[in-house]
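So the chains spell out like this:
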Amino acid sequence: MTGGLPIDLILFAMVAAFLVLRLRSVLGRRTGYERPPEAAPGAPAAPAGREADIIPMPAAAAAPRGLPDPRSPAGQALARIRGADAGFDPAAFLGGAEGAFRMIVAAFAAGDRDTLRNLLSDDAYAGFDGAIAQREAAGETQRTELRSIQEMAIEGAELRGTVADITVRIVSDQVNLTIARDGSISAGAEAVTEIIDLWTFQRDVSGSDPTWKLVGTRPA
């Protein structure tokens, strides 16, 4: 015990604070975004009257990160993005993308619309919001366990004028269950599944907002 608080709680808070600050520096922060969620997957509060079962992933080393060959189309696009934004660093971007992935997965399971709204584009948010609303209407809750992230790699990049898109290949091990109103499992299973996603982040590199927003997801 330290000052009346368990030492493990203090250490967790220190680690969570470090991850949040790192995520802010890479993915940015919107004006008025006063309650940043933890970068590590935790258990965000569900909306009033509902509960979500989000099982946090144990602290682990960062996922292996892959960068494209500088001579490849993606590598050349990253060079153009860096030319338009001197502060852009692909490796640091992947670190922020990993933090965003953890937060978005947890927020979707919890139905945490505030977090999603700050990390997603309007179109992407509409899709997530629709899925959450459908789940709520059916009286279902989502249980998500993010066991590990095996890989984060930049799969593609593009700079159109001042708008940059970066697509990240994310390989993760997850347990996903949809729990029906009566407590039975309506979808998913108690088994770890390897999931390979392609998430695309976008930012106007000429703007003052440094936030990279998620604009699309699809299975690899």
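Residues numbered from 1 in each chain as written. Predicted model: local features only at pLDDT ≥ 70, side-chain atom pairs only at ≥ 80, totals over all residues. Heavy atoms only, no water.

Caption draft 1: Structural view of the overall build of the chain. Counting its secondary structure elements, the chain contains five helices and seven strands. Tracing the chain from N to C terminus, the helices and strands come up as α-β-β-α-α-α-α-β-β-β-β-β. Long-range pairs, those at least 24 residues apart, make up 64% of the contacts in the chain between residues at least 6 apart in sequence. Carbon and sulfur atoms make up 55% of the accessible area of the chain, which amounts to about 11,300 Å² in all. (Helix = DSSP H or I, 4+ residues; strand = E, 2+ residues; numbered from the N terminus. Contact = heavy atoms within 4.5 Å. Areas by Shrake-Rupley, 256 points an atom, 1.4 Å probe, with all protein chains shown as cover.)

Caption draft 2: Local environment of the nonpolar core. Ranked by internal contacts, the top residues of the largest apolar core, which has 33 residues, are Phe93, Ile104, Leu120, Ile166, Val168 and Phe201. When residues of this core are traced back to their parent elements, those giving at least two are α2 (73–84), α3 (90–110), α4 (113–119), α5 (122–137), β3 (141–160), β4 (163–179) and β6 (193–204). The biggest single contributor to this core is α3, with nine residues. (Core = buried A, V, L, I, M, F, W, Y, C linked by side-chain atoms within 4.5 Å. Buried < 20%, exposed > 50% of the residue type's maximum accessible area, 1.4 Å probe, protein only.)

Caption draft 3: Quick peek at the packing of aromatic side chains. The tally for this structure, following the rule as stated, stands at seven aromatic pairs. Taken together, a centroid distance of 6.2 Å and an interplanar angle of 55° make the contact between Phe88 and Phe93 tilted. Considered together, Phe88 and Phe93 belong to a single accessibility category, that of buried residues. Measuring from centroid to centroid gives 5.6 Å for Phe108 and Phe128, while their planes differ by 85°, and the two rings are edge-to-face. Taken together, the positions of Phe108 in helix α3 and Phe128 in helix α5 put the pair 20 residues apart, joining distant regions of the chain. Geometry around Phe108 places Arg135 over its ring, the cationic atom sitting 4.9 Å from the centre. (Phe/Tyr/Trp six-rings, centres within 6.5 Å; stacked < 30°, edge-to-face > 60°. Lys NZ or Arg CZ within 6 Å of the ring centre and 35° of its normal.)

Caption draft 4: Representation of the environment of Asp165 in the model. Mapped onto the fold, Asp165 is located in strand β4. Since its relative accessible area comes to 13%, Asp165 is described here as buried. C-alpha separation for the pair Asp165 and Asp204, spaced 39 residues apart in sequence, amounts to 9.0 Å. Once residues within four sequence positions are removed from consideration, Asp165 is found in contact with Ile81, Gly156, Ala157, Glu158, Arg160, Thr200, Phe201 and Gln202. Side chain to side chain, Asp165 and Arg160 meet in a polar contact 2.7 Å long. (Polar contact = N/O pair within 3.5 Å; in protein donor to acceptor, adjacent residues only side chain to side chain.)

Caption draft 5: The arrangement of α2 in detail. Along its 12 residues, α2 runs 17 Å from first to last C-alpha, staying within 8% of the 16 Å computed at 1.5 Å per residue. When α2 is considered as a whole, its buried residues turn out to be Ala74, Gly75, Ala77, Leu78 and Ile81. Angular distribution of buried residues about the axis of α2 spans 160°; they occupy a single face of the element. Relative to its buried face, α2 has exposed residues pointing more than 90 degrees away, namely Pro73 and Gly83. Tucked inside the fold, the buried residues of α2 contact α3, β3 and β4. (Expected span 1.5 Å × (residues − 1). Arc of directions from axis to C-beta.)

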